[in-house]
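# Working through the structure, step by step
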Amino acid sequence: MKNFITYACLIFILSCSFTVHAQIPSSEKQYLLDFNKRTIGEQWQNKWDLQDDPSTWYGVEITDGHVTALKLYRNNLKGAIPEGISKLSHLKTLNLAFNIIEGKLPNDIFQLEELKEIRLEMNKLSGNLPQDYSKMKQLEELSVFNNLLQGTIPEGIGEMSNLKSLNLSSNYLEGSLPKSIEKLAKLERLELFGNKLAGAIEVDLGRLVNLKELILSYNKFEGDLPSGMATLSNLEFVQLQGNDFRSLNSLLRMQSSKLAVFDSDDEFLNMKFGSTDADRTRIVDTKYEDAKRN
């Protein structure tokens, strides 16, 4: 009886070990291999042993036999993200920030319905943002700041109903701010610093009731700032300087008592809202936060 129990325990342990190292679908593994090749895996800071099980690969997280996260932050990735990333259909987190990734965003990256976080900041991505975001109902963070993206911000961006953080700063985006942004009711951070965005802002900013950070500095916005902005009681960080706004008078009625930083081209408002560090930019803070988060 004792031997039988020992044998049963051994079988149980081996079974658990097999489960932990269970193979992911071949299509997912093949995409990871293609990704490794296209981004010059032999030069990564933390390399993959391609002969080993994918569950041992740096930055790859597997849950219930599927890849659910790809976290290769600051890992010396070069080259392009290959098409076919939709094969990782259970992916929830994609963090490839602070690398040297070039080329365009894969056409199918915004078809991943379970994604909650896309972080591609501090790379050399080029081309336009995609038009269709209808499947991105789970996405909470989209960060592509400091790349080489061009074109306009598509109207479809308002379809990401769960989005809390949108950072498109330091690219070459142009055109107007799409009105659909006002549909992002859960948005807490809107960062558009250092693009070529222009024209009057037709977005009803007052509908973004959860907004804590609004960074519009160093674009070509003009006209009057929407009056609804004055009702945003959760604002903590505001940067408006470096634009051609005709008037910021609507902000005289600003209701937020939480402001830590307020930078604009209106010195009276800067003094009124107690901005004490005019040289700070949100992009510097973001770098610092990313270093802590990874």
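This report concerns the structure included in the present document. (Residues numbered from 1 in each chain as written. Predicted model: local features only at pLDDT ≥ 70, side-chain atom pairs only at ≥ 80, totals over all residues. Heavy atoms only, no water.)

The secondary structure content of the protein chain amounts to four helices and 18 strands. When the 294 residues of the protein chain are sorted by exposure, 50% land in the buried category. Nonlocal contacts in the protein chain, meaning residues at least 24 apart in sequence, comprise 51% of its contacts between residues at least 6 apart. Surface exposure of the protein chain reaches about 14,100 Å², of which carbon and sulfur atoms provide 50%. (Helix = DSSP H or I, 4+ residues; strand = E, 2+ residues; numbered from the N terminus. Buried < 20%, exposed > 50% of the residue type's maximum accessible area, 1.4 Å probe, protein only. Contact = heavy atoms within 4.5 Å. Areas by Shrake-Rupley, 256 points an atom, 1.4 Å probe, with all protein chains shown as cover.)

What follows deals with the nonpolar core. Grouped together as the largest cluster of nonpolar side chains are 70 residues, with contacts concentrated most on Leu70, Leu96, Leu120, Met229 and Leu240. Broken down by secondary-structure element, the contributors of at least two residues to this core are helix H2 (26-38) and strand E2 (66-71). It is H2 that contributes the most residues to this core, three residues altogether. With residues up to four places along the chain from it excluded, the contact list for Leu120 reads Ile81, Leu94, Leu96, Ala97, Leu105, Ile109, Leu125, Ser143, Val144 and Asn147. With five residues, the next largest nonpolar core counts Tyr73, Ala97, Phe98 and Met122 among its residues. (Core = buried A, V, L, I, M, F, W, Y, C linked by side-chain atoms within 4.5 Å.)

With that out of the way, let us pick up the packing of aromatic side chains. As enumerated under the stated definition, the model contains nine aromatic pairs in all. Plain terms: the ring middles of Tyr73 and Phe98 are 5.4 Å apart, the flat faces sit at 50 degrees to each other, and that makes the pair tilted. Of this pair, Tyr73 sits in the loop between E2 and strand E3 (78-80) while Phe98 sits in the loop between strand E4 (93-95) and strand E5 (100-104); the two residues are 25 residues apart in sequence, bridging distant segments of the chain. Assessed through its relative accessible area of 12%, Phe98 is described here as buried. Taken together, a centroid distance of 5.9 Å and an interplanar angle of 75 degrees make the contact between Phe193 and Tyr218 edge-to-face. Residue Phe193 is located in the loop between strand E12 (189-191) and strand E13 (196-200), and its partner Tyr218 is located in the loop between strand E14 (213-215) and strand E15 (220-224); the two are separated by 25 residues in the primary sequence. Site record: aromatic cluster; members linked through ring pairs are Tyr31, Phe35, Trp44, Trp48 and Trp57. (Phe/Tyr/Trp six-rings, centres within 6.5 Å; stacked < 30°, edge-to-face > 60°.)

Burial of the side chains of strand E7 (residues 124-128) is restricted to one face: Leu125 and Gly127 are buried, whereas none of Lys124, Ser126 and Asn128 on the reverse face is. With three bridges connecting them, E5 and E7 associate as parallel partners. What sits directly across from Glu102, in E7, is Lys124. Pairing geometry for E7 and strand E9 (residues 148-150), over three bridges, is parallel. Paired with Asn128 across the two strands is Gln150, which belongs to E9. (Pairing = 2+ DSSP bridges.)

Quick look at the sheet that holds E3 now. A sheet is described by the order of its strands in space; here four strands give the open sequence E3-E5-E7-E9, paired in parallel fashion. The open sheet terminates on both sides in strands that have one partner only, identified here as E3 and E9. Strand after strand, the sheet turns through a mean of 15 degrees between neighbouring axes, direction not considered. (Axes fitted to C-alpha atoms, helices over the stretch in contact; angles between N-to-C directions.)

Bear in mind that shape data such as this cannot, by itself, settle questions of function.
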